[in-house]
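Remarks on the overall topology
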Amino acid sequence: MITELASSRTPLPTSFRFRDRSGATEISVPLTTTEQLYYRSDERSLRISDDLRTLQRPNDELDEVAIYSYLQFGAVVPPLSPWKSIRRFVPGTTTIVSNASTPSVRKSCPQKPPTQAIRSPNIEQQISMVVSALDRSLLEHCAGRPVTILFSGGVDSGLLAARAAVLGLKNVTLVNYSFGPNDAESMLAEQMARHLGLKFVRIMEDTGGSDVADVLRHAGVYYRTLFGDHSVAPTCAMIRAAIPQCEAGGIVLEGTGADSGFGEFGRAMQWQRVYALPAWSRKLGAMAYRTTRAWGGESKLEYYLRILRRAEQLKHPFAAVAENALLGIAYHPSKEDVDAIEEHLAGWLPHLSPPDPRLQLAAFDLSLGCASITAQKSRSLFDGTSLDVVYPYLLPDMVNVAFASVDWPGSGTEVKRVLKAALAQHVPSTMVYRAKSGFVASMPDKFGHRAFLTAFDKLLEPQAPLSRFLDRKFLLAIRSKLATKQKLPPQTEYFIWCAVFGNEWIEQVSRGNLNS
């Protein structure tokens, strides 16, 4: 029999579809769902849960292939989980599960990919298609309920706020996180909120390190699944401070997915040019990245060598989404492990999109990068509250429009062109067409806090969960740079946070230390 195990607080999400068919159950998982569905097969039952922690057992063995995929991508590649005894239902597929006495996952059937290119002759019609889909999503999820928008003042959250104002959604509040009293992005966000006539709430960063200490100490408590994102500490601090200010029974909107859905087409073609370079040049660049220790300092040369190394090690679109080029430097999977990761990726790709390199990158980044990493920073934090969090740009209606925009004029030359044009209909163009910094704190400052260095040092201990997967010499070489708050290349920073956070999460979940 199949035993459906919901999390301790909520039923299984409605985004999954369960259908009984002649001695078997079909389980469909949407391509961009932020909920993750796992299963564990025992002698008499198949236990299913959307909370990975509920399936883990004390003696479960870590899956080497899964851990190495996590270190490379910031998320475990499906159908794997961190533990060998647990597997994940693959996004974008329908899995047939036998209802026999000893259930087993029989096969996966690809869902129909989202609609391909729908040409639109002018920008006004493009805007109309995007706004219509966004409005439908907002009305479906928000009508009659108080709305809170996690608001950076950028294009993604700005368009959500503008449409919420036009639709007259109930009691809309924009919550912004400021990285200090002189944070220009936060001040611009407040100006946009004032222009839209919406309530604005600012939450200030605590520079004393309490956000880092809190998220590392409670990694296994706060988050249902393993992921690696360097901005998890400020996101956690913002949401935990915002929840008490939200009206009960409300909706929280988050803008994850817009960059990948509407901003990847041009980047895909840039990567195609990298792959068009002679193979020897990619190989030489990959070697130079390692031998010059380029990963230890930020520079233009590091950037180009990093790109070449990723292209040498991974095929498209996987190289573009990999979080670092440190395979063979900071972690050393066997050839068998590397081949296994590539096999899982190659098997998943046909379920994601048609064989267009632009759509492949967008779909892979939406499903792995956005739904399995970025959205996980916020999703679990609302467990146990009366609030529902929604990611409009990851909903099927918006994903279909994003895929349809692949051949729209300008979509490959200007990132998020149609979203910018839509927002510019509601706010001054100077608020839209400007340089924008990402939502991330100063990583040297975060790394230099005592709480982080203490957690980092645990990686050097033989009994640490991730210790055997990491290069000790690399860790020792990087330790002094962290202590002195030296600036490192972005992807080196991503990896360091990923390793430390992942080690804490696995240790806490494995020990059942979830009641802190």
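Below is a short write-up of the structure. Remember, predicted model here, so these are calculated numbers, not experimental data.

**Some details on the pairing of strand 2 (residues 17-21)**
Both strand 2 and strand 3 (residues 24-29) contribute to a ladder of five bridges, which runs antiparallel. Opposite Asp 20, over in strand 3, you have Thr 25 as the bridge partner. Turn length for the strand 2-strand 3 hairpin, with the two strands adjacent in sequence and antiparallel, is two residues, and the turn residue Ser 22 shows positive phi of about 35 degrees.

**Re the sheet that holds strand 10 (residues 173-178)**
Pairing between the strands of a sheet comes from backbone hydrogen bonds, and it takes one of two forms, parallel or antiparallel. Within the open sheet, the five strands sit side by side as 11-10-9-12-13. Their pairing is parallel. At either margin of the open sheet sits one strand with a lone partner, and together these are strand 11 (199-204) and strand 13 (388-390). Taken over all neighbouring pairs, the strand axes of this sheet differ in orientation by 25 degrees on average, direction set aside. Here three bridges tie strand 9 (residues 147-150) to strand 10, and the two strands are oriented parallel to one another.

**Topic: the environment of Ala 233**
Tracing the backbone through its elements, the reader meets Ala 233 in helix 7 (residues 232-242). For Ala 233, a relative accessible area of 4% gives the class buried. Separated by 67 residues in sequence, Ala 233 and Val 166 place their C-alpha atoms 33 Å apart. Among residues more than four places away in sequence, those in contact with Ala 233 are Asp 211, Val 212, Val 215 and Trp 497.

**Points about helix 2 (residues 123-142)**
Residues lying three or four places apart along an α-helix face the same way, a consequence of the helix completing one turn every 3.6 residues. Between its terminal C-alpha atoms helix 2 stretches 28 Å, which fits the 28 Å expected from 20 residues at 1.5 Å a residue. Where helix 2 is concerned, the buried positions are Gln 126, Ile 127, Val 130, Val 131, Ala 133, Leu 134, Asp 135, Ser 137, Leu 138 and Cys 142. In the core, the buried residues of helix 2 are packed alongside strand 9, helix 3 (155-167), strand 12 (251-253), helix 8 (258-263), helix 16 (396-404) and helix 17 (417-423). The N-terminus of helix 2 is capped by Asn 122, whose side-chain oxygen sits 3.1 Å from the backbone nitrogen of Glu 124. Immediately downstream of helix 2, the backbone of Gly 144 shows phi near 80 degrees, a positive value.

The rules behind the values
Residues numbered from 1 in each chain as written. Predicted model: local features only at pLDDT ≥ 70, side-chain atom pairs only at ≥ 80, totals over all residues. Heavy atoms only, no water. Pairing = 2+ DSSP bridges. Helix = DSSP H or I, 4+ residues; strand = E, 2+ residues; numbered from the N terminus. Axes fitted to C-alpha atoms, helices over the stretch in contact; angles between N-to-C directions. Buried < 20%, exposed > 50% of the residue type's maximum accessible area, 1.4 Å probe, protein only. Contact = heavy atoms within 4.5 Å. Expected span 1.5 Å × (residues − 1). Polar contact = N/O pair within 3.5 Å; in protein donor to acceptor, adjacent residues only side chain to side chain.

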